[in-house]
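What follows is each chain in one-letter form.
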Amino acid sequence: MDTLKATVIGGGLAGCEAALQLACRGFKVDLYEMRKGVGKTPAHKTSNLAELVCSNSFKGVQLTSAHGLLKNELKMLGSFLLQAAEKAKVAAGESLAVDRELFSKEIENAVAASGKITLYPEECTEINSETPTLIAAGPLCSQALAEKIKELTGGEFLRFFDAVAPVIESDSIDYSQAFAMNRHEKGESADFLNCPIDKETYLEFVKRLQEADCVEEKPFEKRELFEGCLPIEEMARRGEDTLRFGPMRPVGLGKHYAVIQLRAENAQKTLYNMVGFQTRLKWNTQKEIFRLVPALKNAEFARLGCMHRNTFIESPKFLDSTLKLNISDKRPEVKNIWFAGQITGAEGYTEAIATGWYAAWNMANSLKDKAPEPLPQGTCIRTLMEAITAPNENFQPMNFNFGLLPRPVDLRKSEKKNFLIEQAKKNLSIFLQCCQRN
Ligand SMILES: Cc1cc2nc3c(=O)[nH]c(=O)nc-3n(C[C@H](O)[C@H](O)[C@H](O)COP(=O)(O)OP(=O)(O)OC[C@H]3O[C@@H](n4cnc5c(N)ncnc54)[C@H](O)[C@@H]3O)c2cc1C
């Protein structure tokens, strides 16, 4: 067999995990990291591989936390970066936090020790479709590479900032205070869940939004925000009625003073998105204010709203379930390109590592002419990949959370977490036993 070769663009969390996974599956890897040369991003501060741009925490380790369960899968699947994090860990209670310098050092050592990865300290400005390539250039992908990705995806499907509205776990909604209906009763099925608010609550809601603390934007984000969609606190500051004539308008929904619409975030309707509620409010403030809405008084948030600089492609339109670029209808000559990391819309450090592992696993199988080996249903990684690649007209980046995992419809709330944890663990164990046997 010819030597297996691959290019990985981006020596961040996803790119390093992918390069190491490909190397241990026999590939010679060219890994490009521009920060090793003259390149910079507006957020990274060093030239270290897999630099953590902000917090030094990979979040919870307990299986009862979503990130703990996700990490358990990465451990079972032999993630190199998780091993590096374990070696570099610092005391952080029930979270996995690391000494960031030591973490990067562990990864640099693993890359050097692989004997199969050549590190190019330069910006990659071309996508060479002759060599299988994995693009993991992150949320701060260089301008030149972003232009190339734009060319590949036809321009409009690469975004430069996200405006994420909060997502709520469906079984925490008080359905006695909400009603299912589309505006003006259009459409065959009632797709929206509506949460009405009376005048007194609305005025309090707006006042709290006007006075609320926001997350400060980074200097490099100032220009990009507020271009297309205003955060709700900004709308509230423009006047008492702005929200009532904007995302909270009751028109076509019956006689209510104001209404918040919720739209299902996934096919199983385990999660609901607050329509038009992109926000920069601090996370605790969001919870306090949104729980003023009667239907949301006990709301549990699978994710909270945010708006920040974030380069990502519309994965549901461009990636297949293996994270491979699928544009065969328009550009049949472009064949072997995979994406991983935040640029796929999987948000968060651990998620970036998971996509790096997953894209490399699929890439290796595909280039060795093996049939794809999908991870089993009910596992965190499979579920996350489905969340970013399943058809979705309103795609926004997503972090991993329990609300995404499939479960029987009639499962009681108190049994939910145990069921989801056992399902994920058991299904992955069976899968790995089968892999070992084959
Ligand atoms: C400012 C900011 C703060 C964040 N804070 C957190 C947090 O605290 N916790 C959390 O869980 N998530 C956080 N995230 C989200 C996300 O998890 C991280 O950005 C994560 O590092 C993404 O991993 P990645 O591998 O996709 O990208 P990165 O880790 O950013 O890696 C991409 C790499 O590609 C390189 N690169 C880019 N273009 C090129 C090119 N053309 N040629 C060669 N190299 C290139 C970059 O230099 C970079 O090293 C944050 C994101 C941002 C933007």
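Shown above is the structure to which this text applies.
The following paragraphs examine the structure supplied in this document.

Scoring rules and cut-offs
Residues numbered from 1 in each chain as written. Predicted model: local features only at pLDDT ≥ 70, side-chain atom pairs only at ≥ 80, totals over all residues. Heavy atoms only, no water. Helix = DSSP H or I, 4+ residues; strand = E, 2+ residues; numbered from the N terminus. Rg over C-alpha atoms; globule rule 2.2 N^0.38 Å. Contact = heavy atoms within 4.5 Å. Areas by Shrake-Rupley, 256 points an atom, 1.4 Å probe, with all protein chains shown as cover. Lys, Arg positive; Asp, Glu negative; His and termini not counted. Charge placed at Lys NZ, Arg CZ, Asp CG, Glu CD. Near = heavy atom within 4 Å. Polar contact = N/O pair within 3.5 Å; in protein donor to acceptor, adjacent residues only side chain to side chain. Core = buried A, V, L, I, M, F, W, Y, C linked by side-chain atoms within 4.5 Å. Buried < 20%, exposed > 50% of the residue type's maximum accessible area, 1.4 Å probe, protein only. Domains from an automatic or database assignment. Salt bridge = Lys/Arg side-chain N within 4 Å of Asp/Glu carboxyl O.

**Section: the overall build of the protein**
Counting its regular elements, the protein contains 12 helices and 16 strands. Taken over C-alpha atoms, the radius of gyration comes to 22 Å for the protein, in line with the 22 Å a tight globule of 438 residues would show. Expressed as lengths along the three principal axes of its C-alpha atoms, the size of the protein is roughly 70 × 50 × 45 Å. For the protein, restricting intrachain contacts to residue pairs at least 6 apart in sequence, the fraction spanning at least 24 positions comes to 70%. With the model as given, the accessible surface of the protein reaches about 19800 Å², and the carbon-plus-sulfur share is 50%. The average position of the 56 basic charges and that of the 56 acidic charges among the side chains of the protein differ by 2 Å.

**Considering the site of the ligand**
As a structural note, the neighbourhood of the ligand is formed by 30 residues, with E33, R35, Q342, G348 and Y349 the closest of them. Within the contact set of the ligand, an oxygen atom lies 3.4 Å away from a side-chain nitrogen or oxygen of H44. Relative to its unbound accessible area of 980 Å², the ligand is 93% covered by the protein chains. Of all the secondary structure elements, the ones that give two or more residues to the shell around the ligand are helix 1 (13–24) and helix 10 (349–367).

**So, the nonpolar core**
F103 and I149 are the most contacted members of the largest nonpolar core, which has 93 residues in total. No other element matches helix 10, which puts 12 residues into this core. Built from parts of two domains, this core gets at least three residues from each of domain 1 (5–163 + 308–437) and domain 2 (167–304).

**Let's talk about the side chain of E233**
By secondary structure assignment, the location of E233 is in helix 7 (residues 232–237). Buried charge without a salt bridge: E233, with R237 as the nearest opposite-charge side chain at an N-O distance of 5.6 Å. There is a polar contact of 2.8 Å between the side chain of E233 and the backbone nitrogen of R280. Apart from residues no more than four positions distant in its own chain, E233 is found in contact with L209, C214, T279, R280 and L281.

**Considering the pattern of salt bridges**
Per the counting criterion, the structure on display carries 21 salt bridges. Its salt-bridge partner being E33, residue R35 comes within 3.4 Å of it at the nearest N-O pair. One exposure class covers both R35 and E33, and it is buried. By sharing partners, the salt bridges in this structure join E33, R35 and E51 into a single network.

Remember that the coordinates give geometry; whether it matters functionally is a separate question.
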